[in-house]
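Chain residues, written in single-letter form:
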Amino acid sequence: MTRSDRQRNDERRSDRQTYGRLRGNRRLRTTLTVLAAWSALAGTALVGAAPASGASRTTRLAPGIAYSQFDVPAANGTTHAHLLSIDLTNAHVRVDLLHASAVAARAPLSQLADKADALGGVNGDFFHITETQHPGIAATGSSDGPEIASGRTLKAAVPNGQRFGPAPPPATTTRDVIGVGTDHRARLDRLTLSGTVRAAGTEVPLRGLNQYALPVGSVGAFTSDWGSVSRARATCGTDTSRAAPCSTDTYEVTIRKGRIVSTADTPGSGAVPAGTTVLVGREAGAQWLRALSPGHRIQVTHRLVAASSGTPYTFAIGGFPVLKGGQPLAGLNNTTAAVRTAVGIADGGRRLLLFANDGAAAYRSGLTVAEVAAELRDLGATDAFNLDGGGSTEMVARPAGASAVTVRNHPSGGAERPVPNGIGVFTR
């Protein structure tokens, strides 16, 4: 028996075990959809796997990666869903962050996927899409939550009151993430920025990293990952109000090779060179920075600390949880339906389900957040995470032999919306 034969047998054995665990699912439609997708992962055919509510089509894109589409009955009418089923136990499969050229930049998902040579993916976190409350301040396009790409931290989370997107469930935060660790297991977690700024014998906590909004009274850092967009938005609003006025007490210092090389009374713009860090302070943070001068030695440290896992993350993205331990979170919205993107975690973190509604006119009624949680649970997920929806919702996938991905759903705005990040699926 060849190595590839053994691998196929292992995949089929894993799928048979999974099928047994799925027998208790509440709806025949979703059970058959999952069986079709996971059968495709193993390269076998499942005859008669059409969901009860309408036709389902499942295609294996590569070993460990299957694409499905199917109808979903909902309170506001039948909608249509697209699903990427990913076997994280397959050594040839990985998941990572799709992201634009900078944290404060956007591009259509298909471009992000093709640039990274991804096999498929969905759009990601909610983001700073518009800026109407602060005249003269531009929208940055930056996401709300943390970002980790290929094990490298790109940014931290904005204060809860500064987030964009629909109201999340109570007790959630912009620091909530879905991620995949170095153990190749997916999990929900919470990533908090931990860092310090030390200079002239004193220190203050670092409260921001490449984020469009800083906590009141704090100091935040911007690196070359941020991009060229103005840093002024970081000093607007408050921890509880995105629309609050911009601070009138701000200061900025530029650091190179461990020393302050320049200062400014207001946050600037333009690309931050590699090896350079710009610190922006507001209120008490600005006053602390203002006491420093060019030539002063200064040290900046930062890292993202996980709340529940000691395993380092290779990938993490923000949004908000809707399902934990097989139970929907309390307070999920069950009245407002929209086109949605979400991610489910199944089989103890060994399988990932990327879910996207279709935005075609016939299906645009969409799902409530509560319905998203229920649907992903029916698809076999024990944990689930909601991502940006509406005009941002998109799924792309590249069939075998193709040189580029194609958009699999119909974006509700009629065209791809540029987004800052997404979840990409890769195969060797």
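Conventions adopted
- Residues numbered from 1 in each chain as written.
- Predicted model: local features only at pLDDT ≥ 70, side-chain atom pairs only at ≥ 80, totals over all residues.
- Heavy atoms only, no water.
- Buried < 20%, exposed > 50% of the residue type's maximum accessible area, 1.4 Å probe, protein only.
- Helix = DSSP H or I, 4+ residues; strand = E, 2+ residues; numbered from the N terminus.
- Pairing = 2+ DSSP bridges.
- Arc of directions from axis to C-beta.
- Core = buried A, V, L, I, M, F, W, Y, C linked by side-chain atoms within 4.5 Å.
- Contact = heavy atoms within 4.5 Å.

Undergrad: I tried to follow the pairing of strand β19 (residues 341-346) on my own but got confused; where do I start?
TA: Counted residue by residue, β19 has 6 buried out of 6 residues, so it is predominantly covered. As defined by bridge partners, β19 adjoins strand β20 (residues 351-357) across 6 bridges and the pair is classed as antiparallel. The partner of threonine 341 across the bridge, within β20, is alanine 356. Between the end of β19 and the start of β20, which pair antiparallel, lie 4 residues, with aspartate 347 showing a positive phi angle near 55°. The pairing of β19 with strand β21 (residues 381-387) spans 6 bridges and is classified as antiparallel. Bridge pairing in β21 links isoleucine 345 to aspartate 383.

Undergrad: I keep staring at helix α3 (residues 109-116) and nothing clicks. Help me out?
TA: The periodicity of an α-helix, 3.6 residues per turn, causes residues three or four positions apart to be oriented the same way. Within α3, burial applies to Leu109, Ser110, Leu112 and Ala113. Down the axis of α3, the buried side of the element spans an arc of 160°, and every buried residue falls inside it. Count one or two residues on from α3 and you reach aspartate 117, which has phi positive near 60°.

Undergrad: Explain the pairing of strand β7 (residues 152-155) to me, please; I cannot follow it from the model alone.
TA: Every other side chain in a regular strand lies on the same face of the sheet, so the side chains alternate between the two faces. Sheet topology places strand β6 (residues 147-149) next to β7; 3 bridges connect them, and they run antiparallel. Directly across from isoleucine 148, in β7, lies its bridge partner threonine 153. Hairpin remark: β6 followed by β7, antiparallel, with 2 residues in the connecting loop; positive phi at serine 150, about 50°.

Undergrad: What is the right way to look at the nonpolar core in this model?
TA: For soluble globular proteins, the rule of thumb is that nonpolar side chains tend to be buried together. Membership of the largest hydrophobic core comes to 44 residues, with the highest contact counts inside it found for Leu84, Ile86, Val95, Ile178, Leu352, Leu354 and Ile423. If we ignore the near neighbours within four places in the chain, the residues touching leucine 352 are Leu84, Ser85, Ile86, Leu88, Val95, Ile178, Ala186, Val343, Gly344 and Ile345. Listed in part, the 25 residues of the second largest apolar core include Leu206, Leu209, Tyr251 and Leu292.

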